[in-house]
2 protein chains.
Amino acid sequence: MLELNMASPPAGPPPPPTAPTPPGKEQQAAGVGILLQISMLVLAFVLGHVLRRRKIYYLPEASASLLIGLIVGGVANISNTETSIRGWFNFHEEFFFLFLLPPIIFQSGFSLAPKPFFSNFGAIIAFALLGTFIASIVTGVLVYLGGLTYLMYRLPLGESLMFGALISATDPVTVLSIFQELGTDMNLYALVFGESVLNDAVAISLYRTMSSVRSNDSSGQNLFLVILSFLETFVGSMSAGVGVGFISALLFKYAGLNVENLHNLESCLFVLFPYFSYMLAEGLGLSGIVSILFTGIQVMKHYTFSNLSEKSQHFAAAFFHLLSSLAEAFVFIYMGFDIAMEQQSWSHIGFIFFSILFIAVARAANVFSCAYLVNLVRPANRQIPMQHQKALWYSGLRGAMAFALALQSVHDLPDGHGQTIFTATTAIVVLTVLLIGGSTGTMLEALKVVGDGHNGRLGEEGFEGPDIGTGPSYDEATSSGSKLQMKLKEFHSTASFTALDRHYLTPFFTSQNDDENPDEVTQNSGRTRELKSHE
Amino acid sequence: MLELNMASPPAGPPPPPTAPTPPGKEQQAAGVGILLQISMLVLAFVLGHVLRRRKIYYLPEASASLLIGLIVGGVANISNTETSIRGWFNFHEEFFFLFLLPPIIFQSGFSLAPKPFFSNFGAIIAFALLGTFIASIVTGVLVYLGGLTYLMYRLPLGESLMFGALISATDPVTVLSIFQELGTDMNLYALVFGESVLNDAVAISLYRTMSSVRSNDSSGQNLFLVILSFLETFVGSMSAGVGVGFISALLFKYAGLNVENLHNLESCLFVLFPYFSYMLAEGLGLSGIVSILFTGIQVMKHYTFSNLSEKSQHFAAAFFHLLSSLAEAFVFIYMGFDIAMEQQSWSHIGFIFFSILFIAVARAANVFSCAYLVNLVRPANRQIPMQHQKALWYSGLRGAMAFALALQSVHDLPDGHGQTIFTATTAIVVLTVLLIGGSTGTMLEALKVVGDGHNGRLGEEGFEGPDIGTGPSYDEATSSGSKLQMKLKEFHSTASFTALDRHYLTPFFTSQNDDENPDEVTQNSGRTRELKSHE
């Protein structure tokens, strides 16, 4: 039986220690801990609701949750809460990666209209792959140079690059919740969202590569390996996600579950598939985030979803929305609480200050150079305008992802170093979430990229309501004559997948034909031609 | 940072050990582990569906899940799976008590028509409180005597009584899933269900008391304390559950969330309340099971639920159903896997054999003596018939609850003793779930207590479909003249609560009046008089 306790990562909380604590005592502590968490969640939801209703955008729900966590954590810290209760609030990277992140990412993919995402796919890849790589290297080198010149705490090159990698992960959670709240231009959102989701995969992959390079002392000629490893991860994860999605589509097409009184079974199975996709990728050593994103974004929504009974469709949509709302609020509370509870080494104020400066520089290097490259390739009417570039630069919030990796670095690095990185990351996360998060609304308005009319209600209806095609907002500057021309061009550029989809994929993976499900058709193949009516 | 790792019960899986495992390796193992769990869940659902469709009742879904877990666990055991993956399958009592049990119990309460439960309340309390106490003592004493006479492995009296307590918990999970599957008489179901839910609280409380008596060496004069402690726990938990339920009712009445586009917020809050009730009771050192049961059974369904928007009502019902189905299947798989993986000490076959004999005797002592007492008090037309008593005796399956407590006893008791108890419990759980579970259908048919007509479809529609009042099946033997008389009597006996409910509670806690929500009214106050039309 003792091996049971020693075994590494258990599925839930570890069994109570064999120390002479009275039976039932741990469970009571767990009860108090979870009770506190639920109360904070309820408070965050109620507060978020009130703030939204009063249109106070300086404190988005994400920031409010973070503040609640910080305040309660601070109080718990002062009041010397029992360690057994505190234990329930320590931020565990594994818990975050395995249980909180999947529903959030899936819901983002599930509720996103795939068109803007895929039409900006090249740009997203450029920002996420090349851009994050640039940002990591720039940050790492600057931090290393800063250390050499006694500007800040000195880290070896390997560790500086690890810090650069982990701090370059812009957080999908934070960005998503603030952008959805405010509603913004479709293309800009797609860029910011796509970049932040994919660059997590890059950042994790970079971080791990740097970490193994550091411990193996075999630097040099690794640049190529890093890129290769990322591409491998990315393509593999995407295939896994799409594969699982297609399997689920076939299952629901042929199992005949969409009848009365089997709704529960149908929903159970449907709900398990995204998680299956995430864990399959993780189990294969790939990126679960990328996998679940693709399962959600195209396949499950497009093919599997239409094989469900109507009742289960309503339920599944509400279920994923609920789960991701809970996970999202919880992540911020959890992070805030843990930040307040951890021992920070505030002696390195200089390190924090210069890190912030350097990541701002590195993000500029990322965004503006990649945008320049993208604009070189794109036609004149699809250029990324300067205000979008500025918005993209400004939106580089760091959140739970950087925090989780920094926490990991404390295990991976020698004592003082890991601690310094962790404190700096913590400070950057709190500052970016509170300051950038609170001012994003003002910034978007100043740059005139806040959604108008139909885009404005983006946040509340997921991304389903405004059925906007490839690039309506870019069109606004052009004359109505060239509009038609552009439509045709766009139709042409997406026609190959559309045709493949309509003639082969949809009939094969779904049980409905075009007439039965006019909604689906409008959304997916007929959209480009229907754009006119939306404007 | 190191304290972080040392802190006791963390919210999720503990952070990876600081040992020199390559980064990302634990997460990959976790991915494989969870992937395997999801695959088994999918398999269990599909298999369960196929078995149900073919009307194979010898292998209910619960048994099928247990078998899947046993088989996969056995294979993993032989194939020497990595310990880091195995770690994900060890059965953790805390995980079971804090995360798997609450949704199952809440759903049972939420979907149960409260009438049969409350009209049998006295009998349920007798079986659960007095009966479990009798069963524990009888089992404990017999095991002790068996040891003294060299019939079986010898345990001290204290430990024998601990074993008696933990093995006397008939499992609500197992019993519920099999009874709901088959559909049975309302009153019998209420008895079995009520007893099995409440006797868990008694068994845990008895187990803990015995355990502290054993370690303090202060036996004697504790009988009174045990009873007092149980009553305190029970009344306290019930009050906590009802209190949280009423608060939630008021919140949803006045918050004005039942409008368009706030469904998600409404659902989030609604979903958090039962868990809040569970954790409040646990945090206070009371019984979360009892608390969440009462939150679910009467208050949230009756008052809070009717304050929700219609869309959220549909969603919440489906949500809790989904969650409990997943948790239920998972419990059995998880238990099966762990049983196959644990080191069992099969040298004590004698102990197992005699334990089974003794618990059968103890259950008879429980059921028949309590039924005798209940029948002394009840009027002639409400006697518990002999076949119900026999069915009740037969339904004493032991499941996850006994298993979790036995796992705990391995920590609490000296080496060999805890192991023997654990192995015996394991054997009893597997035998009762597979044998009794598989033959319950035959038994219920032989005793002629299987639901007919409207009762038969109990399992599929939750307990909502057949709106049957206090005791229709007992009526069947009586003439139609005395039926009317009995109806009046029943109406009288429940009138006080009905009146209180209609005149004070419903108007205070809900926003609807009788006309607005005819369904609710029919279900709760008008039911007794509407019985005629259902028959």
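Residues numbered from 1 in each chain as written. Chains lettered and ligands numbered in written order. Predicted model: local features only at pLDDT ≥ 70, side-chain atom pairs only at ≥ 80, totals over all residues. Heavy atoms only, no water.

**With respect to the overall build of chain A**
If you tally the helices and strands in chain A, you get 23 helices and 0 strands. Counting over 535 residues, chain A shows a buried share of 61%. Here the contacts in chain A between residues at least 6 apart in sequence split such that 84% fall between residues at least 24 apart. (Helix = DSSP H or I, 4+ residues; strand = E, 2+ residues; numbered from the N terminus. Buried < 20%, exposed > 50% of the residue type's maximum accessible area, 1.4 Å probe, protein only. Contact = heavy atoms within 4.5 Å.)

**Some remarks on the packing of aromatic side chains**
All names here are of chain A. On inspection of all chains with the given rule, the structure shows 64 aromatic pairs over all chains. Centre to centre, the rings of Phe-117 and Phe-294 are 6.5 Å apart; their planes meet at 70°, and the pair counts as edge-to-face. In this pair, Phe-117 is assigned in helix α6 (residues 114–119) and Phe-294 in helix α13 (residues 288–304), connecting sequence segments 177 residues apart. With respect to burial, Phe-117 and Phe-294 carry one shared label: buried. With centroids separated by 6.0 Å and ring planes inclined at 55°, the aromatic side chains of Phe-270 and Phe-320 adopt a geometry described as tilted. Of this pair, Phe-270 sits in helix α12 (residues 263–283) while Phe-320 sits in helix α14 (residues 310–341), and the two are 50 residues apart along the sequence. Judged by its relative accessible area of 5%, Phe-320 is buried. (Phe/Tyr/Trp six-rings, centres within 6.5 Å; stacked < 30°, edge-to-face > 60°.)

**Thoughts on the pattern of salt bridges**
Residue and element names in this part refer to chain A. Inspection of the entire model under this criterion finds 2 salt bridges over all chains. Here Glu-195 and Arg-363 are joined by a salt bridge, their closest N and O atoms 3.1 Å apart. Taken together, the positions of Glu-195 in helix α10 (residues 186–216) and Arg-363 in helix α15 (residues 349–377) put the pair 168 residues apart, joining distant regions of the chain. In terms of burial, Glu-195 and Arg-363 fall into one category: buried. (Salt bridge = Lys/Arg side-chain N within 4 Å of Asp/Glu carboxyl O.)

**Points about the packing of helix α15 (residues 349–377) of chain B against helix α16 (residues 386–394) of chain B**
Residues and elements named next belong to chain B. Relative orientation of the contacting elements α15 and α16 amounts to 145°, with a least axis distance of 9 Å. Crossing geometry of α15 relative to α16 is assigned as right-handed. Along the contact surface, α15 presents Ala-360, Arg-363, Ala-364, Val-367, Phe-368, Ala-371 and Asn-375, while α16 presents Met-386, Gln-389, Lys-390, Leu-392 and Trp-393. Within the contact of α15 with α16, the residues separate by chemical class into 8 nonpolar, 2 polar and 2 charged. (Axes fitted to C-alpha atoms, helices over the stretch in contact; angles between N-to-C directions. Left-handed = near helix turned anticlockwise from the far one by under 90°. Nonpolar A, V, L, I, M, F, W, Y, C, P; charged D, E, K, R; others polar.)

**Let's talk about the nonpolar core**
If you look at the biggest cluster of nonpolar residues, it comprises 266 residues, and the most contacted ones within it are Phe-96 of chain A together with Phe-96 of chain B. With residues up to four places along the chain from it excluded, the contact list for Phe-96 of chain A reads Phe-91, Leu-101, Pro-102, Val-331, Ala-400, Met-401 and Ala-404 of chain A. (Core = buried A, V, L, I, M, F, W, Y, C linked by side-chain atoms within 4.5 Å.)

**Topic: the confidence of the model for chain A**
Residues and elements named next belong to chain A. With 76% of its residues at a pLDDT of at least 70, chain A reaches an overall mean of 75. Least confident of the elements in chain A is helix α1 (residues 2–6), whose mean pLDDT is 31; most confident is α15, at 91. Confidence over residues 513–535 falls short of pLDDT 50; this stretch has 38 contacts with residues more than four positions distant or in other chains. Prediction confidence for the complex, expressed as pTM and ipTM, is 0.78 and 0.76 respectively. (pLDDT = per-residue confidence, 0-100.)

**Here we look at a nonpolar patch on the surface**
All names here are of chain A. A contiguous nonpolar surface patch, about 550 Å² in accessible area, is contributed by Leu-130, Tyr-372, Leu-373, Leu-376 and Val-377. Ranked by residues supplied to the nonpolar patch, first place goes to α15 with 4 residues. By secondary structure assignment, the location of Leu-376 is in helix α15. Given the relative accessible area of 58%, Leu-376 is considered exposed. (Patch = residues over 30% accessible without salt bridge, like charges linked within 9 Å, V, L, I, M, F, W, Y side chains within 5 Å. Areas by Shrake-Rupley, 256 points an atom, 1.4 Å probe, with all protein chains shown as cover.)

**As for helix α3 (residues 61–78) of chain A**
Residues and elements named next belong to chain A. In this model, α3 (18 residues) spans 26 Å end to end at C-alpha, consistent with the 26 Å of a helix rising 1.5 Å per residue. What α3 keeps buried is the set Glu-61, Ala-62, Ser-63, Ala-64, Ser-65, Leu-66, Ile-68, Gly-69, Gly-73 and Ala-76. With its phi angle positive at about 55°, Asn-80 sits one or two positions after the end of α3. (Expected span 1.5 Å × (residues − 1).)

**Side note on the environment of Val-430 of chain A**
Residues and elements named next belong to chain A. Positionally, Val-430 belongs in helix α18 (residues 415–446). What makes Val-430 buried here is its relative accessible area of 16%. Sequence separation of Val-430 and Arg-398 is 32 residues, and the distance between their C-alpha atoms is 8.4 Å.

**Points about the side chain of Ser-306 of chain B**
Residue and element names in this part refer to chain B. Tracing the backbone shows Ser-306 in the loop between α13 (288–304) and α14 (310–341). Looking at Ser-306, the relative accessible area reads 4%, which means it is buried. Within polar-contact distance, the side chain of Ser-306 engages the backbone oxygen of Tyr-303 at 3.0 Å. (Polar contact = N/O pair within 3.5 Å; in protein donor to acceptor, adjacent residues only side chain to side chain.)

**Examining α12 of chain A**
Residue and element names in this part refer to chain A. A rise of 1.5 Å per residue sets the reference length of α12, with its 21 residues, at 30 Å; its end C-alpha atoms lie 30 Å apart and thus fit the reference within 8%. Of all the bends in α12, the greatest reaches close to 25° and is centred on Phe-273; the proline Pro-274 follows between one and four positions later. Most of α12 sits inside the fold, with 19 of its 21 residues counted as buried. Taken from the residues just after α12, Gly-285 is the one with a positive phi, measuring 80°. (Bend = angle between axes of the 7 residues up to and from the residue.)

**Describing the state of the cysteines**
Within this structure, the stated rule accounts for 0 disulfides over all chains. In this structure Cys-268 of chain A is not part of a disulfide, and its nearest cysteine sulfur, from Cys-268 of chain B, lies 20 Å away. With relative accessibility at 0%, the residue Cys-268 of chain B sits in the buried group. (Disulfide = S-S within 2.5 Å.)

**Let's talk about the environment of Val-143 of chain A**
Residues and elements named next belong to chain A. Summarising the element assignment, Val-143 is placed in helix α7 (residues 121–148). For Val-143, a relative accessible area of 0% corresponds to the buried category. In contact with Val-143, other than residues within four places in its own chain, are Met-152, Leu-155, Ser-160, Phe-163, Phe-351 and Phe-358.

**Some points on the environment of Gly-243 of chain B**
Residues and elements named next belong to chain B. Along the polypeptide, Gly-243 turns up in helix α11 (residues 223–254). Overall, the relative accessible area of 28% leaves Gly-243 in the partly exposed class. Each C-alpha atom, one on Gly-243 and one on Leu-323, is 24 Å from the other, the two residues being 80 residues apart in sequence.

**Some remarks on the packing of α12 of chain A against helix α2 (residues 25–53) of chain B**
In contact at an axis separation of 8 Å, α12 of chain A and α2 of chain B are set at 155° when each is read in the N-to-C sense. Judged by the inter-axis angle, α12 of chain A sits roughly antiparallel to α2 of chain B. Handedness of the crossing formed by α12 of chain A with α2 of chain B: left-handed. For the contact of α12 of chain A with α2 of chain B, a count of residues per class yields 16 nonpolar, 6 polar and 1 charged. (Parallel < 35°, antiparallel > 145°, perpendicular 65-115°, else oblique.)

**Digging into the side chain of Glu-282 of chain A**
By the secondary structure assignment, Glu-282 of chain A is in helix α12. Contact partners of Glu-282 of chain A, with chain neighbours within four places excluded, come to Ser-287 and Gly-288 of chain A together with Gln-27, Gln-28 and Gly-31 of chain B.

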